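Each chain, written out:
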Amino acid sequence: MAGTERVAAVTGAASGIGRATALALSRQGARVALCDRNRSGLDEVAKAIQGEGGQARVVELDVSDQGQAVQAIDGIVEGWGQLDVLVNAAGISSSGPTSRGPAMGISEQDWDRILDVNLLGTVYCAQAAARHMIRQRGGRIVNIASVAGIIPRINSAAYGASKAGVRMFTKCLALELARYGVTVNAVAPGPIDTPMLGPEGDQSIRARYVAGMPELFRLGVPLGKLGKPEDVASAIAYLASEEAHHITGAILNVDGMAQLS
Amino acid sequence: MAGDGRTVLITGAGSGIGRAAAETFGRQGDRVAVADVNQKNADETVQAIRRAGGQATAFAADVSRRASVDALVASVRQTYGPAHVLVNNAGIALPSMSIVDVDAATWRRVLDVNLKSMLFCCQAVVPSMIEARGGRIVNTASTAAKVPRWEIGAYCVSKAAVLHLTRCLAMELAQYGITVNAVGPGATITNLRANSGVPELPGSAEARREAQLKGDMGTFRIGVPLGRLGEAQDQADAIVFLASPEASYISGQCLYVDGLQSQC
């Protein structure tokens with residue numbers, strides 16, 4: 001698999017899917033710019049990559065701040081001369097006390113924060129990266145959508161709406177960048193074993209995601225297990241690879257068939 | 001499908017699809033609360049409804065602001081009692097531009113007006129629907145909620161989120177007997193662009209109509225297989241049906257009224 005000398009930027013790289021993706025891209029030979037708000041998490045991932053002989057740099061970034069996003073992406077291009085891959089893995093499922101409750105009770109502040117990080121954060125980084133990729137006449141952008149952005153989930157209206165937006169943004173950007181040879185795709189994870197799912201070590205919540213929650217009209221996972229961040233990272237790494245050059249505007253589910261329809 | 005004297009609140013009812021829906025509800029005997037950011041347009045809709053023998057009152061409101069929505073819903077309640085039907089129709093278009101160049105303020109504006117307004121209106125209206133153990137909510141989405149469109153990406157994103165919010169609300173409100181659906185207009189003859197302060201596309205109205213009907217392979221848009229543009233009344237009829245008692249087992253759906261344009 002190609003990858004030598006390629007430059008990849010990964011947001012949300014300090015944990016979960018972003019971290020696994022950064023490691024996967026590094027193992028394919030890419031130089032990886034690790035972006036996140038969490039500086040100590042970034043340092044740990046950078047050390048892990050360098051420990052395997054890879055190249056990493058860390059960039060402190062709150063993706064919901066457009067100025068920071070542009071500065072981060074431009075800085076990576078300045079430092080490494082190019083940008084071949086952007087993975088928008090920064091995301092939150094909760095932004096305050098009302099964000100994971102009934103839609104009727106979501107506060108404006110919590111609603112805005114989820115949209116700002118998940119949707120607009122993806123937009124700002126992708127826009128900044130696209131400008132370089134258009135000039136380069138090539139590149140790969142991979143976003144993280146969600147099954148919860150296509151199947152309505154109870155108590156997830158803000159998160160779901162933000163991810164529905166990411167799905168459509170992926171397709172619109174793909175359409176407009178197609179003529180430059182830049183592909184834009186997304187993965188749609190189902191339940192993945194990350195801190196987003198519930199406190200680490202809480203096995204009962206994890207078992208409920210696998211088995212389904214009838215009171216929430218929510219099916220479990222036909223494959224009978226949670227996904228791991230590495231499962232999603234492999235799919236992202238494929239969509240980010242040279243081989244995937246004829247795939248664009250696609251949403252690849254990595255969900256154990258949690259999306260039944 | 002005759003109305004039984006319900007209270008119907010329609011946002012963006014001063015023109016286009018909202019006005020046609022308001023007039024149709026008015027003709028069938030519903031009390032129509034005509035809300036629009038433009039008071040003059042809302043007044044005109046009310047006059048048209050009254051001329052036809054219906055009941056309507058105009059309300060000026062900016063539904064992208066929570067305080068304005070709360071005041072609107074309180075006034076409607078005072079005038080006509082609690083709303084049985086809420087039509088979230090207010091929306092704006094954006095000027096054509098590459099999705100790479102849409103600035104942060106524009107993203108916020110289109111998400112606030114097209115999407116967050118719907119959350120605000122539902123939050124304000126639904127408590128009385130829960131008390132009444134029933135209600136109908138109909139949202140105006142778009143074929144752009146399903147099909148990516150060239151150089152109006154931010155609009156597409158807002159409408160895709162509208163469609164998904166429709167389904168999430170449907171799920172959460174089902175237990176109260178409240179249905180939540182959407183209509184998905186294709187190219188429809190309205191003043192949406194002018195009302196949004198967006199310049200018309202170049203060429204005469206007739207030339208633009210022909211271009212829509214033919215499609216444009218350069219921007220990856222099919223024409224209209226049914227061979228005509230939609231009228232506001234086409235959308236209004238679908239909205240009134242989804243709001244009717246007959247539609248009680250339909251929820252979380254988007255009815256595309258688009259002459260087959262979303263089949264691409």
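Because the structure is a prediction, the values reported are computed rather than measured.

A. Summary view of the overall build of chain B. Counting its regular elements, chain B contains eight helices and eleven strands. Expected size for 264 residues packed as a compact globule is a radius of gyration near 18 Å; at 18 Å, chain B falls within 12% of this value. Overall, the C-alpha framework of chain B stretches about 50 × 35 × 35 Å when taken along its three principal axes. Classification of the 264 residues of chain B by burial places 57% in the buried group. Taking contacts inside chain B between residues at least 6 apart in sequence as the whole, the part at least 24 apart equals 71%. Put simply, chain B shows about 10500 Å² of open surface, and 53% of that area lies on carbon and sulfur atoms. Looking at charge distribution, chain B has the averaged site of its 25 positive side-chain charges lying 2 Å from that of its 23 negative ones.

B. A look at the sheet that holds strand β2 (residues 31-36) of chain A. All names here are of chain A. With parallel pairing, seven strands are arranged side by side in an open sheet as β3-β2-β1-β4-β5-β6-β9. Every interior strand has two partners, whereas the edge strands, β3 (56-60) and β9 (251-254), have only one. The average angle at which neighbouring strand axes cross in this sheet is 20°, direction not considered. Summarising the sheet, β2 and β3 pair through five bridges and their orientation is parallel. Opposite C35, over in β3, you have V59 as the bridge partner.

C. Region of the structure containing the side chain of T170(A). Mapping T170(A) onto the fold places it in helix α5 (residues 157-177). Every residue in contact with T170(A), bar those within four places of it in the chain, is listed here: N143(A), V184(A), N185(A), A186(A), A250(A) and I251(A).

D. Local environment of the interface of chain A and chain B. Between chain A and chain B, the residue contacts involve 45 residues of the former and 41 residues of the latter. Summed over both partners, the interface of chain A with chain B comes to about 3400 Å²; 68% of that surface belongs to carbon and sulfur atoms. One can count four salt bridges joining chain A with chain B. For the salt bridge of K116(B) with E108(A), the shortest nitrogen-to-oxygen distance reads 2.9 Å. Joining chain A to chain B, the criterion identifies 17 residue pairs in polar contact (both at pLDDT 80 or more). Elements with a minimum of two residues in the side of chain A that touches chain B: α4 (108-136) and α5 of chain A. Here the side of chain A that touches chain B is built from residues that sort into 27 nonpolar, ten polar and eight charged.

E. Examining the side chain of S15(B) more closely. Residues and elements named next belong to chain B. Along the polypeptide, S15 turns up in the loop between β1 (7-10) and α1 (16-27). Judged by its relative accessible area of 18%, S15 falls in the buried class. At a separation of 2.8 Å, a polar atom in the side chain of S15 contacts the side chain of N195. Not counting chain neighbours up to four residues away, the residues in contact with S15 comprise D36, T45 and N195.

F. How the structure looks around the environment of G203(B). The topology assignment puts G203(B) in the loop between α6 (192-195) and α7 (205-214). Each C-alpha atom of the pair G203(B) and A144(B) lies 23 Å from the other, and the pair is 59 residues apart in sequence.

G. Structural view of the pattern of salt bridges. Taken as a whole and judged by the stated rule, the model has 23 salt bridges over all chains. A salt bridge links D62(A) to R113(A); the shortest N-O distance between them is 3.9 Å. Taken together, the residues D62(A) in the loop between β3 and α3 (66-80) and R113(A) in helix α4 connect sequence positions 51 residues apart. On the accessibility criterion, R113(A) (25% relative accessible area) is partly exposed. In this structure, the salt-bridge partner of R131(A) is D101(B), at a minimum N-O distance of 3.9 Å. Here R131(A), found in helix α4, pairs with D101(B), found in the loop between β4 (85-88) and α4 (104-131), and the two come from separate chains. Via salt bridges that share partners, E108(A), D112(A), D112(B) and K116(B) belong to a single interconnected network.

H. Structural view of unusual backbone geometry. Residue and element names in this part refer to chain B. In the Ramachandran plot, E151 falls in the positive-phi region, its phi being about 60° despite a non-glycine side chain. Looking at where E151 falls in the secondary structure, it is placed in the loop between β5 (135-140) and α5 (153-173). We note that L260 has phi near 85°; this positive angle belongs to a residue other than glycine. With respect to the helices and strands, the residue L260 is situated in the segment after β11 (254-257).

I. Geometry of the sheet that holds β11(B). Residues and elements named next belong to chain B. Read from one edge to the other, the open sheet built from seven strands follows the order β3-β2-β1-β4-β5-β6-β11, with strand pairing classed as parallel. In this open sheet, the two strands that pair with only one neighbour each are β3 (55-60) and β11. Looking at each pair of strands side by side, their axes are set apart by 20° on average, direction ignored. Relative to β5, β4 runs parallel, the two sharing four bridges. From the neighbouring strand, V87 faces β5, where its bridge partner is V138. Here helix α2 (residues 39-51) sits on the sheet in contact with β2 (31-36) and β3, set at roughly 180° to β3.

Rules behind the numbers
For every chain, the first residue of its written sequence is number 1, and the numbers climb from 1 along that sequence. Chain A is the first chain written and ligand 1 is the first ligand written, with later ones labelled in order. The predicted nature of this model means local features are confined to residues of pLDDT at least 70 and side-chain atom pairs, given and counted, to a pLDDT of 80 or more, with totals for whole chains, interfaces and linings taken over all residues. Side-chain metrics in this entry use all non-hydrogen atoms of the structure; hydrogen atoms and water are not considered. We count a stretch as a helix when DSSP gives it H or I for four or more residues in a row; a strand needs E for two or more, and each element gets its number in order from the N terminus. With C-alpha atoms as the basis for the radius of gyration, the globule rule is written as 2.2 Å multiplied by the number of residues raised to the power 0.38. Each residue is placed in one exposure class: buried if its accessible area under a 1.4 Å probe, protein chains only, is under 20% of its type's maximum, exposed if it is over 50%, and partly exposed if it falls in between. Residue contacts are counted whenever heavy atoms from the two residues lie within 4.5 Å of one another. Computed with the Shrake-Rupley method and a 1.4 Å probe, the accessible areas treat only the protein chains shown as cover for residues. Just so you know, the count uses Lys and Arg for positive and Asp and Glu for negative, and it drops His and the chain ends. Taken as the charge centre is NZ of Lys, CZ of Arg, CG of Asp or CD of Glu, depending on the residue. Think of it this way: DSSP has to see at least two bridges between two strands before they count as a pair. Orientation is described by axes fitted as lines to C-alpha atoms, over the contacting stretch for helices, and by angles from 0 to 180 degrees between their N-to-C directions. Defined here as a combined quantity, buried area equals the accessible surface (1.4 Å probe) lost by two parts on assembly, summed across both. Salt bridge criterion: a side-chain nitrogen from Lys or Arg within 4 Å of a carboxyl oxygen from Asp or Glu. N or O atoms within 3.5 Å of each other form a polar contact, as long as, within protein, one can give a hydrogen and the other can take it, and as long as residues adjacent in sequence are counted only when both atoms are side-chain atoms. Lys, Arg, Asp and Glu make up the charged group, whereas Ala, Val, Leu, Ile, Met, Phe, Trp, Tyr, Cys and Pro make up the nonpolar group; the residues left over, Gly among them, are polar.

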